[in-house]
Each structure stands twice: as structure tokens, then as C-alpha cells.
Amino acid sequence: DVKVTQSSRYLVKRTGEKVFLECVQDMDHENMFWYRQDPGLGLRLIYFSYDVKMKEKGDIPEGYSVSREKKERFSLILESASTNQTSMYLCASRPPLAEQFFGPGTRLTVL
Amino acid sequence: GQQVMQIPQYQHVQEGEDFTTYCNSSTTLSNIQWYKQRPGGHPVFLIQLVKSGEVKKQKRLTFQFGEAKKNSSLHITATQTTDVGTYFCAGPPWESGGYQKVTFGTGTKLQVIP
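Attention here is on the structure that accompanies the text. Source: prediction; values computed, not measured.

Overview of the overall build of chain B
- If you tally the helices and strands in chain B, you get zero helices and 11 strands.
- Going from the N terminus to the C terminus, chain B shows its helices and strands as β-β-β-β-β-β-β-β-β-β-β.
- For chain B, the C-alpha radius of gyration of 14 Å lies close to 13 Å, the compact-globule estimate for 114 residues.
- For chain B, the C-alpha atoms occupy an extent of roughly 45 × 25 × 20 Å along the three principal directions.
- In chain B, once contacts between residues fewer than 6 apart in sequence are set aside, the share between residues at least 24 apart is 55%.
- Accessible surface for chain B amounts to roughly 5400 Å². Of this, 53% is attributable to carbon and sulfur atoms.

If you want it as C-alpha cells, here you go:
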């Protein structure tokens, strides 16, 4: 059975902290994605990766970076968290031309 | 960049009524996918349409892909309380060959009143 896991369901951080969100998939998928979801704005793509060590900016990359050192793991990094980064973060993976499989999400609150 | 809009943003229907959500992309799509997100859950894949003008059915759900491959619709016949959730369309732009970036629509939140 397909599985995408995220390191935390809920996370509370303080402004200025460095935040790591981890995502692991067990399906050997090439493509992995990070989205943030906010009410009324849908799912907005932050970054995606189509191979190990490869990354491309999505629609809202400012304030974020990513790392993909292994095929199964895609990390989202908030270098200096700010209150406007309070959101639900969803990771997804997919093979080419197929559907996306989502993790359960991490609800991040930045105080 | 590519934009994908959905209307309406919210819809309340009485149980048993029909429901339709529309998806419009600013660019031609390689394919269109539909997802459902239950309250408190994550998006789950429903279906993918690839061909221009394609129509697919899943029980009470009917999906259409426009002739120009820039719009799509999801129609639910005789809604039930189990249909509650947010419905998203998503599609990679044609020029990407469908391999990489997928842009999601803004979503339509459906509430069904028993």
C-alpha cells in the first residue's frame, strides 16, 4: 500500500526559529512536492523535486528551501520562521504522468 | 505562470440535490486530475482525464475534460452527506509533458445539509 509520511502532525515554533519538515515516501517515486494550504487559497506549490538533488521552485518559494539527498526523502526548511508561514503543509509524491499521493499534513503554527 | 481557478468557492446543497464545480486553467493542460479532501484529511485522488472532450463516470460522479483541454467539470448527482469535502482539480501544463509541476485549483468546498 502506498505511503507518504510526514514527521509531525502538529508543530509550534517561535518567530525566527529554523524549522525542518520531513517527508518520506516508500513508493520509489521520482517526483516529490511541498504545498501549503490556506483557507480560500487552495493548495499552493512551494517547491518540487523530480530527482535526487534536483529541485525547482514552485509558485511561492520565498522564505523556504528544500533538500533531497535520498530519493525517498524530501525536506522543507523554513530558514527563519515568520507568523505568515503559519499554515498546513502537505507533502506529495508521484511517478510521471500519474496521480499524486499525499501525506497527512503538518499544521505549523509560528508564534 | 499557470493559474487554475475553480468556481464556486463554496456550495451548500440539500441532500439529494445535484452539485457541479467548474475548473478553468489559464493554459492548456496535459491532463486533468480531480481530488477530494474530507474535513481534517488530505487530498485523495479521484480520477484522471487525458483526452480532449473525455467524459468519465464513477457512480454518481461525472467528470468532463473540455475540448480545448483548458477546463473541466465535476458533477455529482443526488448528493449524499458522504460527499462533504473540498474538491480540487489539478493539472500539469501541456509544455511540461505532464512530467513535473502540477498546479492545483483553488478548490470548491461542498457542504451537504441532511
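Quick notes on the pairing of strand S9 (residues 85–91) of chain B
Residue and element names in this part refer to chain B.
- Judged by how many residues are buried, S9 sits mostly within the fold: seven of seven residues are covered.
- Bridging between strand S4 (residues 32–37) and S9 involves five bridges; their strand directions are antiparallel. Within S9, the residue paired with Trp 34 across the bridge is Cys 89.
- Alignment of S9 against strand S11 (residues 108–113), held across three bridges, turns out to be antiparallel. Bridge assignment links Gly 85 to a residue of S11, and that residue is Leu 110.
- Looking at chain direction, S9 and strand S10 (residues 103–104) are connected through two bridges and run antiparallel. Directly across from Ala 90, in S10, lies its bridge partner Phe 104.

Examining the sheet that holds strand S1 (residues 4–7) of chain B
Residues and elements named next belong to chain B.
- Across the sheet, which stays open at both edges, the five strands sit in the order S1-S3-S8-S7-S6 with antiparallel pairing between neighbours. Looking at strand neighbours, the two that pair on one side only are S1 and strand S6 (55–58), the edges of this open sheet. Averaged over all neighbouring strand pairs, the angle between strand axes comes to 15 degrees, with direction disregarded.
- Bridging between strand S7 (residues 61–65) and strand S8 (residues 71–76) involves five bridges; their strand directions are antiparallel. Bridged to Leu 61 within S8 is Ile 76.

Some words on the nonpolar core
- Residues Trp 34, Ile 46, Leu 76, Leu 78 and Tyr 89 of chain A are the most contacted members of the largest nonpolar core, which totals 21 residues.
- Excluding residues within four positions of it along the chain, Tyr 89 of chain A makes contact with Gln 6, Leu 21, Trp 34, Tyr 35, Arg 36, Ile 46, Tyr 64, Leu 76, Leu 78, Gly 105, Thr 106 and Leu 108 of chain A.
- In this structure, Val 4, Ile 32, Leu 74 and Tyr 87 of chain B belong to the second largest nonpolar core, which totals 20 residues.

Remarks on the sheet that holds strand S8 (residues 73–78) of chain A
Residues and elements named next belong to chain A.
- If you trace the four strands from one edge of the open sheet to the other, you get S1-S3-S8-S7, paired in antiparallel fashion. Two strands close off the open sheet at either side, each with one partner strand: strand S1 (4–6) and strand S7 (64–70). Each strand axis lies, on average, 20 degrees off the axis of its neighbour in the sheet, ignoring direction.
- Relative to strand S3 (residues 19–25), S1 runs antiparallel, the two being bridged by three bridges.

Observations regarding the environment of Arg 107 of chain A
Residue and element names in this part refer to chain A.
- Mapped onto the elements of the fold, Arg 107 is located in strand S11 (residues 106–110).
- Here the alpha-carbon distance between Arg 107 and Arg 44, two residues 63 residues apart in the chain, equals 15 Å.
- When sequence neighbours within four positions are dropped, the list of residues in contact with Arg 107 reads Arg 9, Tyr 10, Leu 11, Ser 87 and Met 88.

Thoughts on the pattern of salt bridges
- One pass over the full model with this rule turns up eight salt bridges over all chains.
- Across the salt bridge formed by Glu 69 of chain A and Lys 53 of chain A, the nearest N and O atoms sit 2.5 Å from each other. Here Glu 69 of chain A is found in strand S7, whereas its partner Lys 53 of chain A is found in the loop between strand S5 (42–49) and strand S6 (56–57), with 16 residues between them in sequence. Each member of the pair Glu 69 of chain A and Lys 53 of chain A is classed as exposed.
- A salt bridge links Arg 60 of chain B to Asp 83 of chain B, with the shortest nitrogen-to-oxygen separation between them at 2.9 Å. Of this pair, Arg 60 of chain B sits in the loop between S6 and S7 while Asp 83 of chain B sits in the loop between S8 and S9, placing them 23 residues apart in sequence.
- Look at Arg 60 of chain B and you get partly exposed, because its relative accessible area is 22%.
- Beyond isolated ion pairs, a larger network of salt bridges with shared partners links Arg 36, Asp 38 and Arg 44 of chain A.

Rules used throughout
- In this numbering scheme, every chain counts its residues from 1 along its sequence in written order.
- For naming, the first written chain is A and the first written ligand is 1, with later ones following in the order written.
- A pLDDT threshold of at least 70 governs which residues receive local features in this predicted model, and a stricter bar of 80 or more applies before side-chain atom pairs are shown or counted, although totals over entire chains, interfaces and linings include all residues.
- Side-chain measures here rest on the full set of heavy atoms in the structure, leaving out hydrogens and waters.
- Secondary structure counts use DSSP, requiring at least four H or I residues in a row for a helix and at least two E residues in a row for a strand, with both numbered from the N terminus.
- C-alpha atoms define the radius of gyration in this analysis, and the globule rule sets the expected value at 2.2 Å times the number of residues to the power 0.38.
- Any pair of residues with heavy atoms lying within 4.5 Å of one another is described as a contacting pair.
- The accessible surface values rely on the Shrake-Rupley method and a 1.4 Å probe; as for residues, cover is taken only from the protein chains in view.
- Relative accessible area decides the class of each residue, using a 1.4 Å probe on protein chains only: under 20% of the type maximum gives buried, over 50% gives exposed, and in between gives partly exposed.
- Criterion used throughout: strands pair if DSSP finds at least two bridges between them.
- An axis is simply a line fitted to the C-alpha atoms; with a helix, the fit covers only the stretch in contact. Between two such axes, the angle follows the N-to-C directions and lies from 0 to 180 degrees.
- Definition of nonpolar core: a set of buried residues of the types Ala, Val, Leu, Ile, Met, Phe, Trp, Tyr and Cys, connected through side-chain atoms within 4.5 Å.
- Counted as salt bridges are all cases of a side-chain nitrogen of Lys or Arg within 4 Å of a carboxyl oxygen of Asp or Glu.

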